[in-house]
Amino acid sequence: MKIKVISLLLISIFCFNSENASAQNFDINLLKSININRNKDLDPFFKATSNSVYPIMVIAPSAFFIHGLIKKDSLTLQDGIEIGVSVALTVAVSAGLKYAINRPRPYDEFPNIDNIATENSPSFPSGHTSTAFSVATSVSLSYPKWYVITPMYLWAGSVGYSRMHLGVHYPSDVFVGAIIGSGCAYLSYKANQWIRKRSPKR
């Protein structure tokens, strides 16, 4: 699984590199079809969806952690730590790639992109998307029930779409962001499982 995640990430970076003309054309054309032809009545909704990421990335692990402390439930407590580690790892990987690759925002490269927001960081990958998928995957792995998985991934997918709707990310930024977030969540989950197996039984 680890090899598959890393392979997908490397392939994605290669395929969507700004020097690859055909991939870049597909990337910007898809973004234009989403951003320029969007329903502007939905702008407030997608802006709110996008802005929900950072509060939720704090609330989700904190809620698990606090619930575990109150109920003296060590498994829930560990789930809270797992989600927090996943988010921290995701933010670190995404930020590192952003400044290593230093891809300009689409609205800086293409003036006809109607961006509803501006960002100070490079474009690739989408930090909002990676964080959303990190939280969604972590929670879904901890509680693999359809009524948990479905809303979590609907929210994460909506965050990814919102970044294109708002004109601040290319589709490839969002795609790779989703892979990074899901991959970091999986690594955190497996690490948590390993720790649980090694913990002494009471």
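Residues numbered from 1 in each chain as written. Predicted model: local features only at pLDDT ≥ 70, side-chain atom pairs only at ≥ 80, totals over all residues. Heavy atoms only, no water.

Enquirer: Explain the packing of helix α5 (residues 74–101) against helix α9 (residues 171–198) here, please?
Expert: Think of two packed helices as two axes; the pair is described by the angle between the axes and how far apart they sit. Look at α5 against α9: their axes get within 8 Å of each other, and the N-to-C directions meet at 140 degrees. Between α5 and α9, the crossing angle belongs to the class labelled oblique. Between α5 and α9 the crossing geometry is right-handed. The residues of α9 that touch α5, namely those facing L75, Q78, D79, E82, V85, S86, L89, T90, V93, S94 and L97, are I180, G181, C184, A185, S188, Y189, N192 and R196. A breakdown of the residues in the contact of α5 with α9 according to their chemical character gives nine nonpolar, seven polar and three charged. (Axes fitted to C-alpha atoms, helices over the stretch in contact; angles between N-to-C directions. Helix = DSSP H or I, 4+ residues; strand = E, 2+ residues; numbered from the N terminus. Parallel < 35°, antiparallel > 145°, perpendicular 65-115°, else oblique. Left-handed = near helix turned anticlockwise from the far one by under 90°. Contact = heavy atoms within 4.5 Å. Nonpolar A, V, L, I, M, F, W, Y, C, P; charged D, E, K, R; others polar.)

Enquirer: Would you mind showing me how to read the confidence of the model for the chain here?
Expert: A low pLDDT score tells you not to read the predicted coordinates there in detail. Mean pLDDT for the chain: 88, with 87% of residues reaching 70 or above. Of all secondary-structure elements in the chain, the lowest mean pLDDT belongs to helix α1 (residues 2–15), at 49, while helix α8 (residues 146–165) reaches the highest, 97. (pLDDT = per-residue confidence, 0-100.)

Enquirer: I keep staring at the nonpolar core and nothing clicks. Help me out?
Expert: Soluble globular proteins tend to pack their nonpolar side chains together in the buried interior. Residues A132, V135, V139, M152, W155 and A156 are the most contacted members of the largest nonpolar core, which totals 16 residues. Elements represented by at least two residues in this core include exactly α4 (53–71), α5, α7 (127–142) and α8. Once residues lying within four places of it in the same chain are set aside, the contact partners of M152 are V135, A136, V139 and S140. One finds L31, Y107, M164 and L166 within the second-largest nonpolar core, a separate group that totals eleven residues. (Core = buried A, V, L, I, M, F, W, Y, C linked by side-chain atoms within 4.5 Å. Buried < 20%, exposed > 50% of the residue type's maximum accessible area, 1.4 Å probe, protein only.)

Enquirer: Would you mind going over the packing of aromatic side chains with me for this structure?
Expert: Given two aromatic rings, their pairing is described by the distance between the two centres and the angle made by the two planes. Across all of its chains, the model carries five aromatic pairs by this definition. Each ring, one from F133 and one from Y153, has its centre 6.0 Å from the other, and the planes form 55 degrees; the classification is tilted. Highlighted residues: F133 in helix α7 and Y153 in helix α8, separated in sequence by 20 residues. An aromatic cluster of at least three residues, connected via ring pairs, comprises F45, F46 and Y161. Stacked on the ring of Y170, the Lys or Arg R103 has its end atom at 3.9 Å from the ring centre. (Phe/Tyr/Trp six-rings, centres within 6.5 Å; stacked < 30°, edge-to-face > 60°. Lys NZ or Arg CZ within 6 Å of the ring centre and 35° of its normal.)

Enquirer: I would appreciate a short explanation of the pattern of salt bridges in the present structure.
Expert: Should the charged atoms of two oppositely charged side chains come close, the side chains can pair. One pass over the full model with this rule turns up six salt bridges. Among the salt bridges present, the one from D114 reaches K40, with a minimum N-O distance of 3.7 Å. Of the two residues, D114 is situated in the loop between α6 (106–109) and α7 and K40 in the loop between α2 (21–35) and α3 (43–51); the sequence distance between them amounts to 74 residues. Between R163 and E119 there is a salt bridge, with the nearest N and O atoms lying 2.9 Å from each other. (Salt bridge = Lys/Arg side-chain N within 4 Å of Asp/Glu carboxyl O.)

Enquirer: What am I meant to see in the environment of I101 here?
Expert: Following the sequence through the fold, I101 ends up in helix α5. Between the C-alpha atom of I101 and that of F124, which follows or precedes it by 23 residues, the distance is 7.1 Å.

Enquirer: Please explain unusual backbone geometry as it appears in this structure.
Expert: Trans is the common state for peptide bonds, and a negative phi is the common state for residues other than glycine. With an omega of -5 degrees, the peptide bond between F124 and P125 qualifies as cis. Mapped onto the elements of the fold, P125 is located in the loop between α6 and α7. Its identity as a non-glycine residue notwithstanding, K72 has a phi of 55 degrees, on the positive side. Its place among the elements puts K72 in the loop between α4 and α5. Overall, the relative accessible area of 77% leaves K72 in the exposed class. Positioned with a positive phi, N102 is a non-glycine residue whose angle comes to about 55 degrees.

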